[in-house]
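The chain contents come next:
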Amino acid sequence: MELKEIIAEIREVLDEKDSLREEALKLTREIVRISGDTVKALHRGDAETARERLKTARQKVGELGEKLKDHPDLYYTGYVQSAHQEFVEASLFFAYMTGEGFPSPGELGVPHADYALGIGDLIGELRRHSLLLLLDGRLEEAEKTYRFMESVYEELMTLEYPKGLVNVRVKQDQARGILERTLEDLTRAKLNARLESRLKRAVEALKMGKPE
C-alpha cells in the first residue's frame, strides 16, 4: 500500500471523527443549557417546567450516547463528561425537590464515574436551596436540607479511587467547603432568630410594664 493511500484512509477516518465531534459539542452545549434551565425552574418552584426540560435533556443525552457509541475516544472526553455531570446534577436535584426516587446511572444513561461527579455538584445546588429557604425565614426546612447535604457528603466520601479512574477528590474537597459555609450560615440564622425572639419578648414585657 502506498503512503498516499494510507494518508487518504487516515483523512477519511479523521474527517468522520471531526464531524462527529462537532455534532457532539453541539449536543453537550444543549444538555448543559437545558440542565441549567431545569435547576433554575426548580429554584423558582416550577416543577412542571423542570420536568419537561429534564425530559428534553434526557433525550439529548441518549442521542449523544447513540451518536458516539462506536467512538469511545470521543465519548470519554472532558466535554461529554461535563455535560453528563450537569445532567446528573439536575436529575438528582429534581428528585430531591419533588420527593421522587433518585435515578441510577443506568436509568440516566451515563457512565458511573460521571454520575459520581454529578453527586458532588448536587451539594452545591442544595446549598443554594438552603440559602433561599433561610432568606424566606424557613429555618427548619433549611436545616433539613443541610442534614441531607451531610448525608450526601458522607456517601460521596466513600468513593476513594485513583484520579485516573474518577477524579472525585476535587468534588469531595469542594463539598467539604460548601458544607462548612452552609453550617455557618445556618448557625448564624438560628442565632439571629433566637435573638430576635428574645428582643421581641423584652419589648412586649416593657410595654406591659413588667421585667422580662
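Residues numbered from 1 in each chain as written. Predicted model: local features only at pLDDT ≥ 70, side-chain atom pairs only at ≥ 80, totals over all residues. Heavy atoms only, no water.

Q: How would you sum up the overall build of the chain? Please name residues and give values.
A: Check the secondary structure of the chain and you find eight helices and zero strands. For the chain, the N- to C-terminal ordering of α and β elements is α-α-α-α-α-α-α-α. By its C-alpha atoms, the chain is 105 × 35 × 25 Å across when sized along the principal axes. The buried share among the 212 residues of the chain stands at 38%. In the chain, the proportion of contacts linking residues at least 24 apart, taken out of those at least 6 apart, comes to 68%. (Helix = DSSP H or I, 4+ residues; strand = E, 2+ residues; numbered from the N terminus. Buried < 20%, exposed > 50% of the residue type's maximum accessible area, 1.4 Å probe, protein only. Contact = heavy atoms within 4.5 Å.)

Q: Account for the nonpolar core, with residues named and values stated.
A: Ranked by internal contacts, the top residues of the largest apolar core, which has 47 residues, are Leu64, Leu68, Phe87, Val110 and Ile123. Elements with a minimum of two residues in this core: helix H1 (3-43), helix H2 (47-67), helix H3 (72-75), helix H4 (78-98), helix H6 (112-135), helix H7 (139-156) and helix H8 (169-207). The element that contributes the greatest number of residues to this core is H4, accounting for nine residues. Once you skip the residues sitting within four places of it in the chain, Ile123 turns out to touch Met149, Val152, Tyr153, Leu156, Ala175 and Ile178. (Core = buried A, V, L, I, M, F, W, Y, C linked by side-chain atoms within 4.5 Å.)

Q: Report on the packing of aromatic side chains, specifying residues and quantitative values.
A: All chains considered together, the criterion is met by three aromatic pairs. A ring pair is formed by Phe102 and Phe148, whose centres lie 6.0 Å apart and whose planes are at 10°; its orientation type is stacked. One end of the pair, Phe102, is in the loop between H4 and helix H5 (105-108); the other, Phe148, is in helix H7, with 46 residues separating them in the sequence. In this structure Phe148 comes out as partly exposed when scored by relative accessible area, which is 21%. (Phe/Tyr/Trp six-rings, centres within 6.5 Å; stacked < 30°, edge-to-face > 60°.)

Q: Please set out the pattern of salt bridges residue by residue, giving values where relevant.
A: A full pass over the atoms with the stated rule returns 17 salt bridges. Asp173 is paired through a salt bridge with Arg176; the nearest N and O atoms lie 3.1 Å apart. Here the residue Asp173 and the residue Arg176 both occupy positions in helix H8, the gap between them amounting to three residues, near one helical turn. (Salt bridge = Lys/Arg side-chain N within 4 Å of Asp/Glu carboxyl O.)

Q: Tell me about H2, and name the residues and values.
A: Compared with an ideal rise of 1.5 Å per residue, which puts 21 residues at 30 Å, H2 spans 30 Å between its outermost C-alpha atoms and is within 8% of the ideal. Structurally, H2 contributes buried residues whose contacts are with H1, H4 and H5. (Expected span 1.5 Å × (residues − 1).)

Q: Please give an account of H1 that cites residues and values.
A: A rise of 1.5 Å per residue sets the reference length of H1, with its 41 residues, at 60 Å; its end C-alpha atoms lie 59 Å apart and thus fit the reference within 8%. A positive phi of about 85° marks Gly45, the residue just after H1.

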